[in-house]
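# Topology and contacts: notes
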Amino acid sequence: MLFMLIVKASKNSEAGNLPSPELMEAMTKYNEELIEAGVRVMAKGLHPSSNGMRISFPIPGEKPVITEGPFTESDDLVAGFILIDVNSKEEAIEWAMRMPDPQGHGEGQIELRQVF
């Protein structure tokens, strides 16, 4: 079963601030554990929304609209993701619960979603 651990953005990640060396070390250890367990498929961080864009389809059948970043609602933005292949939802939750606070400073939030 594929699950995506979606790391939500914060004001720090949107400002392009890198995590502390301690958090980088903790995340590296966590990713190594995922790899050693054979469950990590992929993990990537994303650039801040200032480097991104949104493509929306406000009128069916008409040309999409492009909106350049940055986007101000950092709670709705994604800073990165980890894709894991596990045997159950419970196992996915266990791995999610082991992740260090991905933003540090109590700002981290992870969304866990099963992939079709």
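Within each chain, residue numbers correspond to sequence positions counted from 1 in written order. Predicted model: local features are reported for residues with pLDDT of at least 70 only, side-chain atom pairs are reported and counted for 80 or more only, and whole-chain, interface and lining totals are derived from all residues. To get the side-chain values, take all heavy atoms of the structure and skip hydrogens and water.

## Some points on the overall build of the chain
The condition is simple: Comment: elements are numbered from the N terminus, with helices defined as DSSP H or I runs of at least four residues and strands as E runs of at least two. Burial here depends on accessible area, computed with a 1.4 Å probe over protein chains only, as a share of the maximum for the residue type. Under 20% is buried, over 50% is exposed, and the range in between is partly exposed. It only takes one pair of heavy atoms within 4.5 Å for two residues to be counted as in contact. In these tables, accessible area is a Shrake-Rupley quantity obtained with a 1.4 Å probe, and a residue counts as shielded only by the protein chains included in the view. The sign given to each residue is positive for Lys and Arg and negative for Asp and Glu; His and the chain ends receive no count. A charge is said to be at NZ when it belongs to Lys, at CZ for Arg, at CG for Asp and at CD for Glu.
The secondary structure content of the chain amounts to three helices and six strands. Ordered by position from N to C terminus, the α and β elements of the chain give β-α-α-β-β-β-β-α-β. Expressed as a percentage of the 116 residues in the chain, the buried residues total 33%. Counted over contacts in the chain with a minimum sequence separation of 6, partners at least 24 positions apart contribute 75%. In the form shown here, the chain has an accessible surface area of approximately 7,900 Å², with 55% of it arising from carbon and sulfur atoms. Distance from the positive charge centre (10 side chains) to the negative charge centre (18 side chains) of the chain: 4 Å.

## What about the pattern of salt bridges?
Close approach of charged atoms allows side chains of opposite charge to pair. Rules: The term salt bridge refers to a pairing of a side-chain nitrogen on Lys or Arg with a carboxyl oxygen on Asp or Glu at a separation within 4 Å.
Scanning the entire structure with this criterion turns up three salt bridges. Each of K8, E111 and R113 takes part in a single network of salt bridges with overlapping partners.

## Observations regarding the packing of aromatic side chains
What counts, and what does not: Any two rings among Phe, Tyr and Trp, with Trp reduced to its six-membered ring, count as a pair given centres within 6.5 Å; such a pair is stacked if its planes are under 30 degrees apart, edge-to-face if over 60, and tilted if neither. Two conditions define a charge located above a ring, namely a distance within 6 Å from the ring centre to NZ of Lys or CZ of Arg, and an angle within 35 degrees of the ring normal.
As enumerated under the stated definition, the model contains one aromatic pair in all. Judged by centre distance (6.4 Å) and plane angle (65 degrees), the rings of Y30 and W95 are edge-to-face. Separated by 65 residues along the polypeptide, Y30 in helix α2 (residues 21-36) and W95 in helix α3 (residues 89-98) bring together distant segments of the chain. On the accessibility criterion, W95 (7% relative accessible area) is buried. The residue whose ring lies beneath R54 is F71, and the NZ or CZ to ring-centre distance is 4.0 Å.

## Section: α3
Put simply, the rule is: To obtain the arc, one takes the directions from the helix axis to the C-beta atoms.
For α3, the set of buried residues is E91, A92, W95 and A96. Across the axial projection of α3, the buried residues extend over an arc of 140 degrees, all falling on one side. Seen from the buried face of α3, the exposed residues on the opposite side, beyond 90 degrees, are E90, E94 and M97. Turning to α3, the residues buried within the fold contact β1 (2-8), α2, β5 (78-85) and β6 (110-114).

## Some remarks on unusual backbone geometry
Here the bond from G69 into P70 is cis, since omega is 10 degrees, no more than 30 degrees from zero. Of note, P70 is situated in the loop between β4 (65-68) and β5.

## Points about the pairing of β5
The condition that has to hold: We treat two strands as partners when DSSP finds at least two bridges between them.
Counted residue by residue, β5 has six buried out of eight residues, so it is predominantly covered. In this sheet, β5 lies alongside β1 in antiparallel orientation, the contact comprising seven bridges. Across the sheet, the residue bridging to L5 is I82, located in β5. Bridge count between strand β2 (residues 40-45) and β5: five bridges; the pairing is antiparallel. Residue G45 lies in a different strand from β5, and its bridge partner there is G80.

## A few points about a nonpolar patch on the surface
Filter applied, for reference: The patches described consist of residues with a relative accessible area above 30% and no salt bridge, like charges being joined within 9 Å and nonpolar side chains (Val, Leu, Ile, Met, Phe, Trp, Tyr) within 5 Å.
On the surface, a nonpolar cluster with roughly 290 Å² of combined accessible area is contributed by L2, V41, M42 and V115. Tracing the backbone through its elements, the reader meets V115 in the segment after β6.

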